[in-house]
Amino acid sequence: MKYSLSAKNLVCRNLEAKASYCAGLLNPDHTREITGVLRTDSGLLSHTFNLVVSNAVMPTRILQRFVVDYFAERHSPFTLWHCANKPLDHAELAELGVVRQDTLVAMAVEVQRLAADEQRPPELELAPAAVEEIADYAELQAEAFKGALEGPQIKKFYRQLQELPEHKRGRLKLFLGKWEGRPVAGGCLFASADALGFYDLITREEYRGRGIGRALFNYLVAQALGSHHKHAVALTPVERQELYLETGFFAVGEVTRYRYEP
C-alpha cells in the first residue's frame, strides 16, 4: 500500500462511515450529502455525534447554507472535520461561530504490518464491554466534558445504544480497561467496508501515567490482528502519534477540526 492521498482517503472514508452509522442508530433521517460534504444529524444536541466531514474546499456561503444554518435552526452543536489538504477560510468560519480546534494526524496501516505489545500492568483487565457495561463506557467518554452539556448527551447516546440488539450496533465495538475491577479506560473499533478505525481512547485522569492507555491501545491492535480487515486507520493528536508509529502505523496527512456551539 502506498501511503499517499489514497491512504488519507481511507481514513476519511472510515470517519464518514462512522459518523453516518452512529447518527443512524438514533435518527433514521440522519445523513445528507452534497459534493465534497457529508452532514450527519444524530438528533442529539451533541458535537460528538453531529458530524460534518468535508473533502473539498468550497465557498463559505455553501457551508453556511448546508451546515451552519441547518444546525443553527435546531440550536444544535456540531463538529466539522476538514480532510482536504487545502485549508478552509478560518476567519470566515469563525464569523459564523465555527471555531477551529486542534489538527489531528491521520494514520493508516496494512493490518498485517501491525505488531502489538501484549505486556500490561497486572492490576489491569482488558476486555470487550458487555451490554451491561456500556453505561460504564459512557461514563468514561462523558468524563472529559464534566460541567458541560456534552457529557449528558454522550450518556444519552450510549443509553440508547444499549437498548439496541447486537446486530444493529455490531460495527461499533466497545472495549473497557478495569483497574482492580474499576472501569478506568475505554476505546472503540469501528468497522467500515474497507478499514477498521481506532477511536475515542481515553483513560480516567487520576489513573494516567500507569501504562493503562498504552496497554489498551495495544489490546485494540491485537483485536485488529485477529480480524478480517486488511487496513486499520486512526486520528490522533500530534503529541500521541508516537504510540501509533511504534506499532506500525504511518502518518498519512492531517485533518483539521472545527466546532460550532449555538
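Reading guide: rules and limits
- Residues numbered from 1 in each chain as written.
- Predicted model: local features only at pLDDT ≥ 70, side-chain atom pairs only at ≥ 80, totals over all residues.
- Heavy atoms only, no water.
- Helix = DSSP H or I, 4+ residues; strand = E, 2+ residues; numbered from the N terminus.
- Rg over C-alpha atoms; globule rule 2.2 N^0.38 Å.
- Buried < 20%, exposed > 50% of the residue type's maximum accessible area, 1.4 Å probe, protein only.
- Contact = heavy atoms within 4.5 Å.
- Areas by Shrake-Rupley, 256 points an atom, 1.4 Å probe, with all protein chains shown as cover.
- Salt bridge = Lys/Arg side-chain N within 4 Å of Asp/Glu carboxyl O.
- Pairing = 2+ DSSP bridges.
- Axes fitted to C-alpha atoms, helices over the stretch in contact; angles between N-to-C directions.
- Polar contact = N/O pair within 3.5 Å; in protein donor to acceptor, adjacent residues only side chain to side chain.
- Core = buried A, V, L, I, M, F, W, Y, C linked by side-chain atoms within 4.5 Å.
- Phe/Tyr/Trp six-rings, centres within 6.5 Å; stacked < 30°, edge-to-face > 60°.
- Lys NZ or Arg CZ within 6 Å of the ring centre and 35° of its normal.

(A) Fine view of the overall build of the chain. Within the chain, the regular secondary structure consists of eight helices and eleven strands. Against the 2.2 N^0.38 benchmark of 18 Å for 262 residues, the chain shows a C-alpha radius of gyration of 18 Å, consistent with a compact globule. For the chain, the spread of C-alpha atoms along the three principal axes comes to 55 × 40 × 35 Å. Expressed as a percentage of its 262 residues, the buried residues of the chain come to 54%. In the chain, once contacts between residues fewer than 6 apart in sequence are set aside, the share between residues at least 24 apart is 73%. For the chain, the exposed area adds up to about 12,400 Å²; of that, 49% sits on carbon and sulfur atoms.

(B) The arrangement of the pattern of salt bridges in detail. Taken as a whole and assessed by the stated rule, the structure comprises twelve salt bridges. The salt bridge involving aspartate 102 is made with arginine 257; its shortest N-O contact spans 2.6 Å. Linking aspartate 102 in strand E5 (residues 98-110) with arginine 257 in strand E11 (residues 250-260), this pair joins segments that are 155 residues apart in sequence. The exposure class assigned to aspartate 102 is partly exposed, which follows from its relative accessible area of 35%. With its nearest N and O atoms 3.4 Å apart, the salt bridge here joins lysine 155 to glutamate 139. Placement of the pair is lysine 155 in helix H5 (residues 150-162) and glutamate 139 in helix H4 (residues 134-143), with a sequence separation of 16 residues. Given a relative accessible area of 41%, glutamate 139 falls into the partly exposed group.

(C) Highlighting the sheet that holds strand E2 (residues 37-40). The strand order E1-E2-E3-E4-E11-E5-E10-E9-E8-E7-E6 describes an open sheet built from eleven strands, whose pairing is mixed. Of all strands in the sheet, those bounded by a partner on one side alone are strand E1 (31-34) and strand E6 (124-128). Mean inter-strand twist for the sheet, computed between neighbouring axes without regard to direction, equals 20°.

(D) Structural context of the environment of tyrosine 207. When you line up the elements, tyrosine 207 lands in the loop between strand E9 (196-203) and helix H7 (212-225). For tyrosine 207, a relative accessible area of 13% gives the class buried. Taking the C-alpha atoms as reference, tyrosine 207 lies 37 Å from asparagine 85; in sequence the two are 122 residues apart. Those residues within four positions of tyrosine 207 in sequence are excluded, and the remaining contacts are Trp179, Arg182, Val184 and Ile212. At 3.4 Å, the side chain of tyrosine 207 forms a polar contact with the side chain of arginine 182.

(E) Geometry of the nonpolar core. Counting residues in hydrophobic clusters, the biggest one holds 42 residues, and the most contacted among them are Phe157, Tyr158, Leu161, Leu172, Leu174 and Leu235. Discounting chain neighbours no more than four positions away, the residues touching tyrosine 158 are Phe49, Ile134, Tyr137, Ala138, Gln141, Leu174 and Asp200.

(F) Fine view of the packing of aromatic side chains. Following the criterion strictly, the structure yields 15 aromatic pairs and no others. Consider the rings of tyrosine 21 and phenylalanine 190, whose centres lie 5.4 Å apart with planes at 50°: the pair is tilted. Here tyrosine 21 is found in helix H1 (residues 5-26), whereas its partner phenylalanine 190 is found in strand E8 (residues 182-191), with 169 residues between them in sequence. The residues tyrosine 21 and phenylalanine 190 share a single accessibility class, namely buried. Put simply, the rings of Phe49, Tyr137, Phe157 and Tyr158 touch in pairs and so form one group of aromatic residues. In this structure, lysine 18 is placed above the aromatic ring of tyrosine 199, and the distance from its NZ or CZ to the ring centre is 4.8 Å.

(G) Spotlight on the environment of asparagine 50. Relative to the elements of secondary structure, asparagine 50 occurs in the loop between E2 and strand E3 (51-54). Along the sequence, asparagine 50 and isoleucine 34 sit 16 residues apart, while their C-alpha atoms lie 16 Å from each other. At 2.8 Å, the side chain of asparagine 50 forms a polar contact with the side chain of serine 76.

(H) Representation of the environment of threonine 203. Counting through the fold element by element, threonine 203 comes out in strand E9. Separated by 20 residues in sequence, threonine 203 and proline 183 have C-alpha atoms that sit 9.3 Å apart. In this structure, threonine 203 is in contact with Val184, Ala185, Arg208, Ile212 and Gly213, ignoring residues within four places of it in sequence.

(I) Geometry of the pairing of E2. Because side chains alternate across E2, one face comprises the buried residues Val37 and Arg39, and the other comprises Leu38 and Thr40, equally buried. Relative to E2, E1 is paired through four bridges, and the arrangement is antiparallel. Looking across to E2, one finds that arginine 32 is bridged to arginine 39. With three bridges joining them, E2 and E3 adopt antiparallel strand pairing. Across the sheet, arginine 39 pairs through a bridge with valine 52, a residue of E3.

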